[in-house]
Amino acid sequence: MPKSKVRKKSVYTPPEGVLPTSAARAQSAQPSPRWYAPVMVALMLIGLLWIVVYYVAGDRIPLMTTLGPWNFAIGFGAMVAGLIMSMRWR
């Protein structure tokens, strides 16, 4: 069986200004600070604990009684903030 011809293609080089500079790449690839992960986990746990405490003993805690349904917003808000932080964690 005859061998097919190999085509030689030139290497693609993008135009100037399309690729980010090496300084911009180094800036975006830096790891998160040491405090980032503990704060992220703490926010998620605080939100979870807030909702659990509201369900278990919310009628006996005056602050939670006055907040009413806003307790869910506080709990889920803290958990969502931790989740958003987890997406930006490096």
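My aim in this report is to walk through the structure given alongside it, one point at a time. (Residues numbered from 1 in each chain as written. Predicted model: local features only at pLDDT ≥ 70, side-chain atom pairs only at ≥ 80, totals over all residues. Heavy atoms only, no water.)

Brief notes about the packing of helix α2 (residues 36-57) against helix α4 (residues 70-87)
The description of two packed helices rests on the angle between their axes and on the distance between the axes. Using the following cut-off: Here the axes come from fitting lines to C-alpha atoms, over the contacting stretch only for helices, and the angles between their N-to-C directions go from 0 to 180 degrees. Going along the chain from the N terminus, every DSSP run of H or I of four or more residues is numbered as a helix, and every run of E of two or more is numbered as a strand. In this scheme, roughly parallel covers angles under 35 degrees and roughly antiparallel covers those over 145, while 65 to 115 is roughly perpendicular and the rest are oblique. Left-handed describes a crossing in which the near helix is turned anticlockwise from the far one by less than a right angle; the clockwise case is right-handed. Working rule for contacts: check all heavy atoms of both residues, and any pair within 4.5 Å makes them a contact. Side-chain classes are defined by residue name, with Ala, Val, Leu, Ile, Met, Phe, Trp, Tyr, Cys and Pro counting as nonpolar, Asp, Glu, Lys and Arg as charged, and the others, Gly among them, as polar.
It is at 8 Å that the axes of α2 and α4 come closest, and there the two elements cross at 160°. Between α2 and α4, the angle falls in the class roughly antiparallel. In terms of crossing hand, the pair formed by α2 and α4 is left-handed. Residues Y36, V39, M40, L43, M44, G47, L48, W50, I51, Y54 and Y55 of α2 form the contact with α4, whose participating residues are N71, F72, I74, G75, F76, A78, M79, A81, G82, L83, M85 and S86. Its residues placed into classes, the contact of α2 with α4 shows 18 nonpolar, 5 polar and no charged.

Notes on the packing of aromatic side chains
Our working definition: Working definition: rings of Phe, Tyr and Trp (its six-membered ring) pair if their centres are within 6.5 Å, and the pair is stacked with planes under 30 degrees apart, edge-to-face with planes over 60 apart, and tilted otherwise. Relative accessibility decides the category of a residue: with a 1.4 Å probe and only protein chains considered, values under 20% of the type maximum give buried, values over 50% give exposed, and everything between is partly exposed.
For the structure shown, the criterion picks out 4 aromatic pairs. With a centroid separation of 6.2 Å and an interplanar angle of 50°, the aromatic rings of Y54 and Y55 are classed as tilted. Overall, the relative accessible area of 21% leaves Y54 in the partly exposed class. Between the aromatic rings of Y55 and F72, the centroid separation amounts to 5.8 Å while the plane-to-plane angle is 65°, which identifies the pairing as edge-to-face. With a gap of 17 residues between them, Y55 in helix α2 and F72 in helix α4 connect regions that are remote in the sequence. You can call Y55 exposed: its relative accessible area is 61%. The exposure class of F72 is partly exposed, given its relative accessible area of 27%. Ring-pair connections join several aromatic residues into one group, and the members of that group are Y54, Y55 and F72.

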